[in-house]
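The primary structure of each chain is shown beneath.
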Amino acid sequence: MFLRVATLFSACFILASLGVVDGDRYGNARYRSRDQEHQYQYPPHHQYQQTNQPPPSNAHTNFRTKEKQLLDNILGSRGQGQHRYDRRIRPSSIQDEGEKDGDHTTVKINIMIRSINKIDDYHMEYSVQVTFREQWNDDRLNFNDSDGKIKYLTLTETDKIWMPDLFFKNEKTGHFHDIILPNLYFRIFPNGDVLYSIRISLTLSCPMDLRLYPLDTQVCQLLMASYGWTTEDLVFLWKPDDPVQVTNNLHLPRFTLEKFDTKYCNSKTNTGEYSCLLVALIFKRELSYYLIQYYIPCCMLVIVSWVSFWLDQTAVPARVALGVMTLLTMSTQTSSINQTLPPVSYTKVLLPSNRKHLVIPIPNPQTGEYSCLLVDLIFKREFSYYLIQYYIPCCMLVIVSWVSFWLDQNAVPARVALGVTTLLTMSTQISGINQSLPPVSYTKAIDVWTGVCLTFVFGALLEFALVNYASRSDMQGDLFIKKRRQWEMEHHVSCDMGPSTSTAHLPCDHLDQDGQPSFTMIDNGQPSFAMKPLVPPFMESHNHIRTCEIHPLPHAENCCKTWLSKFPTRSKRIDVIARITFPLVFALFNLVYWSAYLLREEGAPITE
């Protein structure tokens, strides 16, 4: 009995548990169903609102969808698993008259030079960015243009159709441009013509002949050839119209692109003859940069070495120091020049050049007009750094060179050392400034400043050479005056003692009251003795002689001459004039320089 009750109770408990579980499960399911029904009924409300607008008309065809269908048709399967296009097979292009269908494929080449970043003399290479275009015909890509409404199809995947195996023969490095998307496209025209365009950057080798450096003209080539297809299968041709285009704002740092030539350069190897195209870019080197950096400094060093010729021959330390320092500086300058050039076996010479610049006609691209946006970011350079690092040190060097004007004219070693040291320091300062700047062909504002400062330091050294020459001339003049006074004193003593052998042959009328020979100088430089005036005997008495006095008219005194007359020697006058002239001229230069550049910087228009 107890067992039956326990069994019945257990069965009821199990049934109750199953009912609760099923109730929860189905209850949740029903809840989810109601929720889903509520969610299901919500979208038609929006659809009802969207259907208030008029439905699209069937009169306007979506040609983008049509293009997709055409691409799928000519590149995809045609049905029953039969593929229409195989990119592994070379197309048989439309040939000229006299050629059979199925002969070599003709590919027409056109390039546009966007920029030339650098021309490296040392490594003999140049970097260029070009837009490269190829055009050929593939009759397997023909399609219906819908009565001219579809001009071409655009494709950006390079692994869908056949492409020529072109490569650049003189390439060192290169890369494609993938920002924001790969810069390339295919255009497939209704007749099967394919236009492939891509933007690439290349570093190409350029063997240079530097015998006329820096007055030389270099020819750099761009060689394009087929790698695997011989001329029996593939032929490259230049586009008849405008095969090479150059951007309007092409700028080179040290060269000018004079002209370019297009040629053919088919090459034969053991495996066959391969088609090849060549572009010869002719660059003319600009001279202004090298004139400022090389020619003028070297010319100044040569002239400074000539200062030794004006120094006294007894100033051995000064002359030796001047010669050795200019020689070492010239060697350093030569070494810095050779560091920028390759170690070639021939001798580089500097010869004049009479070549003229040629104007290159720049055609417009013929692939279409492209939308473009421009943003001009205007950066203003902070001037405080350059004022402290460049302008103030150069100004201090110029002022230090003026200390030579206040030194004694006989302090030859000190003045030579001061002048040469400031000149060499100024040259080092200019070299340090130019190392941080690109070698451009135009004159910069800092070049004007450093060039004028170098000229002032150089002028201070030349001023000392002039002072030294004038000092030695004054010494010779003083020596001549001393000798003359000594000669006059000797003759004065001889007249007091009687006629001497030197004046014995002169008559008494030719001797003055001191017993010295009385003579004057005439035009030919020979002495002419002054004759005594003939006076009647009856008028020799002093009572009958009427004295005559000459009073010259007073002249207006020149203050400058009066002030300079305080300095007895010419060398001293030169130093005094230099003390005033150099600072005044330098101050005038500063006034003109800062007025011109600062006002121009504020008011100059912004040009592209």
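These numbers come from a predicted model, not from an experiment.

**Student:** Sorry if this is basic, but what is going on with the pattern of salt bridges here?
**Tutor:** Oppositely charged side chains may form a pair once their charged atoms are brought near each other. Going through the model one piece at a time under the given rule, you end up with 14 salt bridges. The residue Asp 72 makes a salt bridge to Lys 68 at a minimum N-O spacing of 2.9 Å. One end of the pair is Asp 72 and the other is Lys 68, both in helix 2 (residues 63–75) and four residues apart, which spans about a single turn. Exposure remark for Lys 68: the relative accessible area of 51% places this residue in the exposed category. Between Lys 444 and Asp 447 there is a salt bridge whose closest N-O contact spans 3.0 Å.

**Student:** Is there a simple way to think about the side chain of Thr 203 in this case?
**Tutor:** Structurally, the position occupied by Thr 203 is in strand 7 (residues 193–205). Side chain to side chain, Thr 203 and Ser 127 meet in a polar contact 3.3 Å long. Setting aside anything within four residues of it in sequence, one finds Thr 203 in contact with Glu 125, Tyr 126, Ser 127, Asn 170, Glu 171, Lys 172 and Thr 173.

**Student:** Would you explain the packing of helix 3 (residues 288–305) against helix 4 (residues 316–339) in this entry?
**Tutor:** Between two packed helices, both the angle of their axes relative to each other and the distance between the axes serve to describe the pair. Between helix 3 and helix 4, the shortest axis-to-axis distance is 9 Å and the interhelical angle comes to 165°. Relative to helix 4, helix 3 is oriented roughly antiparallel. The interaxial crossing formed by helix 3 with helix 4 has left-handed handedness. Listed contacts from helix 4 to Gln 293, Tyr 294, Pro 297, Cys 298, Leu 301, Val 304 and Ser 305 of helix 3 are Leu 322, Thr 326, Thr 329, Met 330, Gln 333 and Ile 337.

**Student:** Before we go on, may I ask you to explain unusual backbone geometry in this structure?
**Tutor:** Peptide bonds are mostly trans, and most non-glycine residues show a negative phi. The omega torsion of the bond from Ile 179 to Ile 180 falls at -5°, within 30 degrees of zero and hence cis. Structurally, Ile 180 can be placed in the loop between strand 5 (171–176) and strand 6 (184–188). Here the residue pair Tyr 213 and Pro 214 is connected by a cis peptide bond, since its omega of 0° sits within 30 degrees of zero. Mapping Pro 214 onto the fold places it in the loop between strand 7 and strand 8 (217–226).

**Student:** Any chance you could explain helix 5 (residues 384–401) here in plain terms?
**Tutor:** Each α-helix winds once per 3.6 residues, and so residues spaced three or four apart point in a common direction. Its 18 residues place the ends of helix 5 25 Å apart at the C-alpha level, agreeing with the 26 Å of an ideal helix rising 1.5 Å per residue. At Tyr 391, helix 5 shows its strongest bend, of approximately 30°, with the proline Pro 393 following within four residues. Among all positions of helix 5, only Tyr 390, Tyr 391, Cys 394, Leu 397, Val 398 and Ser 401 are buried.

**Student:** What's the story with the environment of Leu 437 in this structure? I'm lost.
**Tutor:** Examined against the element boundaries, Leu 437 turns out to sit in the loop between helix 6 (412–435) and helix 7 (445–497). In this structure, Leu 437 is in contact with Lys 444 and Ile 446, ignoring residues within four places of it in sequence.

**Student:** Sorry if this is basic, but what is going on with the packing of aromatic side chains here?
**Tutor:** All chains considered together, the criterion is met by 33 aromatic pairs. Taken together, a centroid distance of 5.7 Å and an interplanar angle of 50° make the contact between Tyr 290 and Tyr 294 tilted. Here Tyr 290 and its partner Tyr 294 are both found in helix 3, four residues apart, which amounts to about one turn of the helix. Here Tyr 290 matches Tyr 294 in class, with each residue buried. Over the ring of Trp 406 we find Arg 579; its NZ or CZ atom is 4.1 Å from the centre of that ring.

Thresholds applied
Residues numbered from 1 in each chain as written. Predicted model: local features only at pLDDT ≥ 70, side-chain atom pairs only at ≥ 80, totals over all residues. Heavy atoms only, no water. Salt bridge = Lys/Arg side-chain N within 4 Å of Asp/Glu carboxyl O. Helix = DSSP H or I, 4+ residues; strand = E, 2+ residues; numbered from the N terminus. Buried < 20%, exposed > 50% of the residue type's maximum accessible area, 1.4 Å probe, protein only. Polar contact = N/O pair within 3.5 Å; in protein donor to acceptor, adjacent residues only side chain to side chain. Contact = heavy atoms within 4.5 Å. Axes fitted to C-alpha atoms, helices over the stretch in contact; angles between N-to-C directions. Parallel < 35°, antiparallel > 145°, perpendicular 65-115°, else oblique. Left-handed = near helix turned anticlockwise from the far one by under 90°. Expected span 1.5 Å × (residues − 1). Bend = angle between axes of the 7 residues up to and from the residue. Phe/Tyr/Trp six-rings, centres within 6.5 Å; stacked < 30°, edge-to-face > 60°. Lys NZ or Arg CZ within 6 Å of the ring centre and 35° of its normal.

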